[in-house]
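Structural features, examined
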Amino acid sequence: MILCHAALQAASAVDASTLDNKVLIGYQGWFACPQDGTGWSHWSRGVPSAETLSIDLYPDLREFSPDELCAVPGMTIGDKPAYLFSSRIPRTVSRHFRWMQEYGLDGVLVQRFVGDIRRRRADGDVVLQNIMAAAKESGRTFAIEYDISGGNPETFAQTLKDDWMYLVDELKVTAHPNYQRHNGKPLVSVWGMGLNDGNNHPPTDPQVARDLIQWFRSGAAPKYRVTYMGGTPARWRTGTADARPDTAWAEVYAMMDVLQPWNVGRYGTLEAVDRWKEDILIPDGKLLTSHHQIYMPVIFPGFSWHNLRRTAKENQIPRLRGEFLWRQAYNARMAGARVLKIAMFDEVNEGTAIFKAASHRRDAPDQGYWLTLDADGAELPSDWYLRLAGEITRMFHGDIQPDSRLPSNPGPGAVRNEHFPLRPRF
């Protein structure tokens, strides 16, 4: 039985040797609870309450075991205590990756913030090690995605180089059988260079960016060299709006093996999604194809960060029962994209999470504002977006033909009862 299980695991494992036809999902893994010695990290500003919450989506925790749950003081769901989870618990990360396996998802881009590297390393990189174990167990792939938000312009580049060498030498990430590779090299993403927002995303000097990319691709010792993915502004090609206008940045983008433009929040309706395809996706893809680069559009299910930024509108970009996510995926595929990123797996702070989340307002804590999956007038199971992500992955794998219509019953384990009918109730 053990040999049979191992054979099944191997057969279902994702091919980590190529990025071709992959759909990868951003994974924050930054949640913690007081018992971890770190407070309510990313759940709230201090002890969670209606006034201090910094998340809009409430996770569905019904499958979690008691030792994974953190009771939230003063918060209830009906007459029962409310709970949250910690990414530092191996079983919880394993559960997330098991969901990815069950729903047919390929793997994740692990978010690694430049300003948080020192603390993570001092702490033994607990969450990353949980991810490495879970990826091996589930057969999913993973790759490092550095986020340079708030980085020191003078030191961020060296910080990334030093950390990558540490990850290779000490944590042995590239020796992991499920580390995502492409063209014979491990994949590394650096997100944020070129964004036109002052010094929040360094560098302002495109030569610094060129030097960093050159080091990762060919300047470092061979064991540290990578296939380089750049998380770029959405308007990288035109140098307008969110992109730095200096024309020298075009040379920076031309050095990248993979471009992953950040589209989150750049449109908010189905009509705008379709315009984005014509105005951005198609010309972006044509240019990158002519340069023999890989185009990786970013799609997102919706957006809401009212609790994180109290002046922001509730349910700022509605999910439209999954139509919004599906249309983006379909348009990307029809525009010629062969790889895709979904933002994000567990990002409940900005309301883009696709993992299991509260279906109804009654399923979330009584206290505070919560965005639940019934916000747009449909009865949806908590795993609806995992199921849609699975269908999107099948579309990019070529297992199903692209179809502009939202699947009526996507993914495995279709739910059939009076609460969750096969088709959302519009």
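This section reports on the structure supplied with the text. (Residues numbered from 1 in each chain as written. Predicted model: local features only at pLDDT ≥ 70, side-chain atom pairs only at ≥ 80, totals over all residues. Heavy atoms only, no water.)

1. What to know about the state of the cysteines
- Throughout the structure, instances matching the rule amount to one disulfide.
- A sulfur-sulfur distance of 2.0 Å marks the disulfide that ties cysteine 33 to cysteine 70. Here the disulfide of cysteine 33 and cysteine 70 is right-handed, its torsion about the S-S bond being about 85°. Taken as a pair, cysteine 33 in the loop between strand 1 (23-27) and strand 2 (69-77) and cysteine 70 in strand 2 lie far apart in primary sequence, 37 residues in all.
- Using a relative accessible area of 0% as the deciding quantity, one classes cysteine 33 as buried.
- Classification of cysteine 70 by relative accessible area gives buried; the value is 1%. (Disulfide = S-S within 2.5 Å. Helix = DSSP H or I, 4+ residues; strand = E, 2+ residues; numbered from the N terminus. Buried < 20%, exposed > 50% of the residue type's maximum accessible area, 1.4 Å probe, protein only.)

2. Observations concerning the pairing of strand 2
- Across five bridges, the pairing between strand 2 and strand 3 (residues 80-85) is antiparallel. When the sheet's bridge partners are listed, leucine 69 is paired in strand 3 with phenylalanine 85.
- What sits between the antiparallel neighbours strand 2 and strand 3 is a turn of two residues, in which glycine 78 has the positive phi angle 65°. (Pairing = 2+ DSSP bridges.)

3. Let's talk about the packing of aromatic side chains
- If you walk through the whole model with that rule in mind, you get 24 aromatic pairs.
- Consider the rings of tryptophan 30 and phenylalanine 31, whose centres lie 6.4 Å apart with planes at 90°: the pair is edge-to-face.
- The class of tryptophan 30 is buried, set by a relative accessible area of 16%.
- Looking at phenylalanine 31, the relative accessible area reads 1%, which means it is buried.
- Cluster of aromatic residues (ring-pair linked, three or more members): Tyr27, Trp30, Phe31, Trp43, Phe64, Phe85, Phe97, Trp99, Phe113, Phe345 and Phe355.
- Its end group placed over the ring of phenylalanine 64, arginine 95 keeps NZ or CZ at 5.0 Å from the ring centre.
- The ring of phenylalanine 396 carries arginine 333 above its face, with NZ or CZ at 5.6 Å from the centroid. (Phe/Tyr/Trp six-rings, centres within 6.5 Å; stacked < 30°, edge-to-face > 60°. Lys NZ or Arg CZ within 6 Å of the ring centre and 35° of its normal.)

4. What about the packing of helix 5 (residues 156-169) against helix 6 (residues 206-219)?
- Put simply, helix 5 and helix 6 touch, their axes get as near as 10 Å, and they point 10° apart. Taken together, the axes of helix 5 and helix 6 lie roughly parallel to each other. Mapping the contact onto sequence places Phe156, Ala157, Leu160, Lys161, Trp164 and Met165 in helix 5 and Val208, Leu212, Trp215 and Phe216 in helix 6.
- By residue class, the composition of the contact of helix 5 with helix 6 is nine nonpolar, no polar and one charged. (Axes fitted to C-alpha atoms, helices over the stretch in contact; angles between N-to-C directions. Parallel < 35°, antiparallel > 145°, perpendicular 65-115°, else oblique. Contact = heavy atoms within 4.5 Å. Nonpolar A, V, L, I, M, F, W, Y, C, P; charged D, E, K, R; others polar.)

5. What to know about unusual backbone geometry
- Between proline 202 and proline 203 the backbone carries a cis peptide bond, its omega angle lying at 0°.
- With respect to the helices, strands and loops of the structure, proline 203 is situated in the loop between strand 7 (185-191) and helix 6.
- The omega torsion of the bond from alanine 343 to methionine 344 falls at 0°, within 30 degrees of zero and hence cis.
- Of note, methionine 344 is situated in the loop between strand 12 (340-342) and helix 10 (384-397).
- Although it is not a glycine, histidine 42 adopts a positive phi angle of roughly 70°.

6. Some points on the environment of alanine 378
- In this structure, alanine 378 sits in the loop between strand 12 and helix 10.
- It is 9.4 Å that separates the C-alpha atoms of alanine 378 and serine 359, two residues lying 19 residues apart in sequence.

In short, shape yes, function no, at least from these values alone.
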